Amino acid sequence: TVLSRPHTLLGGRRSAAGTLRTGLYACPRILARFDRAFKAAAGKRHIMKIGLLGASFSNNNLGVRALSWGLLRIISRAYPGANFVLFSQSLSEPSEITLPDATIPMEIYHYDSGYRFFSRANIYALYLCSLFYAFCRAKIFLRPGFLAAMKDCDMIFDITGGDSFSDIYGRKLFFASILPKLCAINLGCRLILPPQSYGPFSTADAKHIAKYVFSRVREGDIYSRDSNSVRYLHDSIVHDKPVKLCP
């Protein structure tokens, strides 16, 4: 063996593999350390990080709050132990959500849909940064905060307040709900649309943007809570993907 021939450690020609083998055999403690490290790495389980969009646990609309609580409870049961991130316009979201069977810590990132374009939390500025990232993949556009947290999510569930995926409430509210979706798409996130109502879209540009969003959602990730929305999407917006009815 190498250890019985110590002169081989002091000189002579050796291959790189022979040198590595010599060092490893001569250092059993290093081998044991590597073994422990490999076992520890193999034993680590990936912790799912799930983003929530269009949800609110502090909204004055109790229907939106109930919808958000129900969505969180379903997801937390499907992915036990997952970490949750809430992207919200509200500044009063709770940092913990108490469910009947668990208390869920919530990481919160705020954004605003006003016209202060130089604000770090402005959704229009965040959308532009996500667009630049989509083109050049430069991490400089993922400043710590909203976009970096969104990029880290394994999937993002966007409930859009239950009935706000439409332009009937005005263009400002439409873009306030659509731009976060476009940010997730630009960052390459998996966007899931839980059961909600869709449409109608009264303007051509709103319909065009909605078609783009649906085209980037994976097949099987679009759910509707009413048959009218399913019919509307199949007739006007989504022609090549199923829309699952889940009332």
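Residues numbered from 1 in each chain as written. Predicted model: local features only at pLDDT ≥ 70, side-chain atom pairs only at ≥ 80, totals over all residues. Heavy atoms only, no water.

Caption draft 1: The arrangement of the packing of helix α4 (residues 123-136) against helix α6 (residues 171-186) in detail. Close contact between α4 and α6 brings their axes to 9 Å; oriented N to C, the two are set at 25°. Comparing their axes, α6 and α4 come out roughly parallel. The two elements α4 and α6 cross, and the hand of that crossing is left-handed. Residue-level contacts link Ile123, Tyr124, Leu126, Tyr127, Ser130, Leu131, Tyr133 and Ala134 of α4 to Phe175, Leu179, Pro180, Leu182, Cys183 and Asn186 of α6. Looking at the contact of α4 with α6, its residues break down into 12 nonpolar, two polar and no charged. (Axes fitted to C-alpha atoms, helices over the stretch in contact; angles between N-to-C directions. Helix = DSSP H or I, 4+ residues; strand = E, 2+ residues; numbered from the N terminus. Parallel < 35°, antiparallel > 145°, perpendicular 65-115°, else oblique. Left-handed = near helix turned anticlockwise from the far one by under 90°. Contact = heavy atoms within 4.5 Å. Nonpolar A, V, L, I, M, F, W, Y, C, P; charged D, E, K, R; others polar.)

Caption draft 2: Spatial organisation of helix α7 (residues 204-216). Taking 1.5 Å per residue, 13 residues should reach 18 Å; α7 reaches 19 Å between its end C-alpha atoms and fits that length. When α7 is considered as a whole, its buried residues turn out to be Ala206, Ile209, Ala210, Val213 and Phe214. All buried residues of α7 lie within an arc of 135° about the axis, which places them on one face of the element. Along α7, exposed side chains directed more than 90 degrees from the buried face belong to Ala204 and His208. Check the buried side of α7 and you find it contacts α6, β6 (191-196), β7 (222-224) and α8 (227-237). (Expected span 1.5 Å × (residues − 1). Buried < 20%, exposed > 50% of the residue type's maximum accessible area, 1.4 Å probe, protein only. Arc of directions from axis to C-beta.)

Caption draft 3: Inspection of the pattern of salt bridges at higher detail. Enumeration over the complete set of coordinates arrives at six salt bridges. A salt bridge links Asp112 to Arg116, with the nearest nitrogen and oxygen atoms 4.0 Å apart. Residue Arg116 is classed as exposed on the basis of its relative accessible area of 59%. When the shortest N-O distance is used, the salt bridge between Asp205 and Arg171 registers 2.7 Å. One end of the pair, Asp205, is in helix α7; the other, Arg171, is in helix α6, and 34 residues separate them in sequence. What makes Asp205 partly exposed here is its relative accessible area of 32%. Under the relative-accessibility criterion, Arg171 is labelled partly exposed at 43%. (Salt bridge = Lys/Arg side-chain N within 4 Å of Asp/Glu carboxyl O.)

Caption draft 4: Region of the structure containing the side chain of Asn122. Along the chain, Asn122 falls in the loop between β4 (103-110) and α4. Sequence-distant contacts of Asn122, defined by excluding residues within four places in its chain, comprise Asp112, Gly114, Tyr115, Arg116 and Phe117.

Caption draft 5: Up close: the layout of surface pockets. Of the volumes computed, that of the largest pocket is approximately 560 Å³. Surrounding the largest pocket, 28 residues form its lining, Gly54, Asn59, Gln89, Gly161 and Ser164 being those nearest its centre. The set of elements that each furnish at least two residues to the lining of the largest pocket consists of α3 (62-78), β2 (83-88) and α6. When residues of the lining of the largest pocket are assigned to their parent elements, the largest contribution, four residues, is made by α6. Those elements that provide at least two residues to the lining of the second largest pocket are α3, β5 (155-158) and β6. It is α3 that provides the largest number of residues to the lining of the second largest pocket, a total of seven residues. Taken together, the residues of the lining of the second largest pocket sort by class into 15 nonpolar, two polar and two charged. (1 Å grid on protein atoms, 1.4 Å probe; cavity = no way out; pocket = protein on both sides within 12 Å on 5 of 7 lines; lining within 4 Å. Points joined across faces, edges and corners; volume = space filled by probe spheres on them.)

Caption draft 6: View of the nonpolar core. Membership of the largest hydrophobic core comes to 44 residues, with the highest contact counts inside it found for Phe87, Met150, Phe165 and Phe214. Of all the elements, α6 adds the most residues to this core, at eight residues. Leaving out residues up to four positions away in the same chain, Met150 has contacts with Leu53, Phe87, Ile156, Pro180, Cys183, Ala184, Leu187 and Cys189. With 18 residues, the next largest nonpolar core counts Leu71, Leu72, Met106 and Ile159 among its residues. (Core = buried A, V, L, I, M, F, W, Y, C linked by side-chain atoms within 4.5 Å.)

Caption draft 7: The arrangement of the environment of Glu96 in detail. Looking at the secondary structure, you find Glu96 in strand β3 (residues 96-98). Considering only alpha carbons, one finds Glu96 and Ile108, 12 residues apart in sequence, at a separation of 10.0 Å. Glu96 has contacts with Thr103, Ile104 and Pro105, leaving out every residue within four places of it along the chain.

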